[in-house]
Amino acid sequence: MSYHLHHLKELEAESIFVIREVAAQFEHPVLMFSGGKDSILMVHLAMKAFYPARIPFPLLHIDTGHNFPETIEFRDNMVQKLGARLIVGSVEDAIRRGIVREEKGYNASRNFLQTAVLLEEMEKNRFDAALGGARRDEEKARAKERFFSHRDEFGQWDPKNQRPELWNLFNGKKHFGEHFRVFPISNWTELDVWMYLAAEKVELPNLYFAHQRRVFERDGMLLADTDFIPKRPEEIAAIHEMTVRCRTIGDMTCTGVWESNASSIEEIIAEVAASRKTERGGRADDKRSETAMEDRKKQGYF
């Protein structure tokens, strides 16, 4: 199946232009890397942007300690192949140092603790720009972002006070201590991402493809069975094995899995094209309030 569509080449060119602008305008940029498909796409685009040279900035992963083991294995293998520098900000370490406090209870998640760790890594390494794989079609708060998203000296975002970006002119001017979050794939959709990854034959974690996994249901979502998630007695009794796959990859405590038989990238594309639910419809962290994502982004979340 061929996915060499003209609009994918336009999206690729736009994203590469933004990535090169970051290299030109900032002194210490970093690329956020979680091991998910969007950050894998970002790394692939960065490789194209600077080929035959290596990617000229490090990768940063904020590790909750509750990730899918397959994600960490894929991350480490990919970094080794690239010969890239990987920086890991550890939520587990921040808890031990008393920087953040771990949540308790059945719905506890470390996902919200990533913000403090991210801001600490930004300050410690003096990063003045962080490139991320967020897309505007994912969630209503992310739809408000510019390509160059200014953060103040406290790492906070003001969605009502953003700079215009007419004719793709990006303003990276900032005061000391401030930084930017940059989103080169803002205009891509989930379907665009999958079609491009198929066309480019990019390697992906096996979590995205149908596989057997022990799961249980909570609040209308399927969650992978793991010791990281405290379970109620009725949830333990209801654990069963299903054929599922991930549409997003994050902390296991809040990343839902989807019942699916899609075992190839072509089948995933057909499934995404027909789906009536967004990929973040399986994220428990987005369901805590109507403005959950925007509130976290204002505090410094990615």
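Since we're looking at a predicted model, the values are computed, not measured.

K.L.:
Even after reading the chapter, I still don't get the overall build of the protein, so can you show me in this structure?
P.N.:
Secondary structure summary: the protein contains 9 helices and 10 strands in total. In terms of overall dimensions, the protein is globule-like: its C-alpha atoms have a radius of gyration of 19 Å, near the 19 Å expected for 302 residues. When the backbone C-alpha atoms are referred to their principal axes, the protein occupies close to 55 × 50 × 40 Å. Per-residue burial for the protein yields a buried fraction of 54% across its 302 residues. Of the contacts made within the protein by residues no fewer than 6 positions apart, 74% connect residues no fewer than 24 positions apart. A total accessible area of about 14600 Å² is found for the protein, and carbon and sulfur atoms account for 51% of it. Within the protein, one finds 44 positive and 49 negative side-chain charges whose respective centroids are separated by 2 Å.

K.L.:
Honestly, the packing of aromatic side chains in this entry has me stumped. Any pointers?
P.N.:
Each aromatic ring pair is described using two quantities: the centre-to-centre distance and the angle formed by the ring planes. Tallied over the full model, the rule gives 9 aromatic pairs. The interplanar angle of 80° and the centroid separation of 5.4 Å between the aromatic rings of tryptophan 194 and tyrosine 208 together place this pair among those described as edge-to-face. Separated by 14 residues along the polypeptide, tryptophan 194 in helix α6 (residues 190-200) and tyrosine 208 in the loop between α6 and β7 (211-218) bring together distant segments of the chain. Residues tryptophan 194 and tyrosine 208 agree in their burial class; the two are buried. The positively charged end of arginine 136 is found above the aromatic ring belonging to phenylalanine 147, 5.0 Å away from the centroid. The side chain of arginine 247 reaches across the aromatic face of tryptophan 258, ending 4.7 Å from its centre.

K.L.:
Is there a simple way to explain the environment of lysine 174 in this structure?
P.N.:
Inspection of the secondary structure puts lysine 174 in the loop between β5 (148-151) and β6 (179-182). The exposure class of lysine 174 is partly exposed, given its relative accessible area of 32%. Sequence separation between lysine 174 and aspartate 128 is 46 residues, and the spatial gap between their C-alpha atoms is 9.0 Å. Leave out the neighbours within four places in its chain, and lysine 174 touches Phe26, Asp128, His179 and Phe180.

K.L.:
Help me understand a nonpolar patch on the surface in this model?
P.N.:
On the surface, Leu166, Trp167 and Leu169 cluster together to form a nonpolar patch covering roughly 430 Å² of accessible area. Along the chain, the position of leucine 166 falls in the loop between β5 and β6.

K.L.:
Looking at this structure, I do not really get the side chain of threonine 255. What am I missing?
P.N.:
Inspection of the secondary structure assignment puts threonine 255 in the loop between β9 (240-245) and β10 (256-259). We classify threonine 255 as buried; its relative accessible area is 0%. Within polar-contact distance, the side chain of threonine 255 engages the backbone nitrogen of glycine 250 at 3.4 Å. At 2.8 Å, the side chain of threonine 255 forms a polar contact with the backbone oxygen of aspartate 251.

Cut-off values and rules
- Residues numbered from 1 in each chain as written.
- Predicted model: local features only at pLDDT ≥ 70, side-chain atom pairs only at ≥ 80, totals over all residues.
- Heavy atoms only, no water.
- Helix = DSSP H or I, 4+ residues; strand = E, 2+ residues; numbered from the N terminus.
- Rg over C-alpha atoms; globule rule 2.2 N^0.38 Å.
- Buried < 20%, exposed > 50% of the residue type's maximum accessible area, 1.4 Å probe, protein only.
- Contact = heavy atoms within 4.5 Å.
- Areas by Shrake-Rupley, 256 points an atom, 1.4 Å probe, with all protein chains shown as cover.
- Lys, Arg positive; Asp, Glu negative; His and termini not counted.
- Charge placed at Lys NZ, Arg CZ, Asp CG, Glu CD.
- Phe/Tyr/Trp six-rings, centres within 6.5 Å; stacked < 30°, edge-to-face > 60°.
- Lys NZ or Arg CZ within 6 Å of the ring centre and 35° of its normal.
- Patch = residues over 30% accessible without salt bridge, like charges linked within 9 Å, V, L, I, M, F, W, Y side chains within 5 Å.
- Salt bridge = Lys/Arg side-chain N within 4 Å of Asp/Glu carboxyl O.
- Polar contact = N/O pair within 3.5 Å; in protein donor to acceptor, adjacent residues only side chain to side chain.

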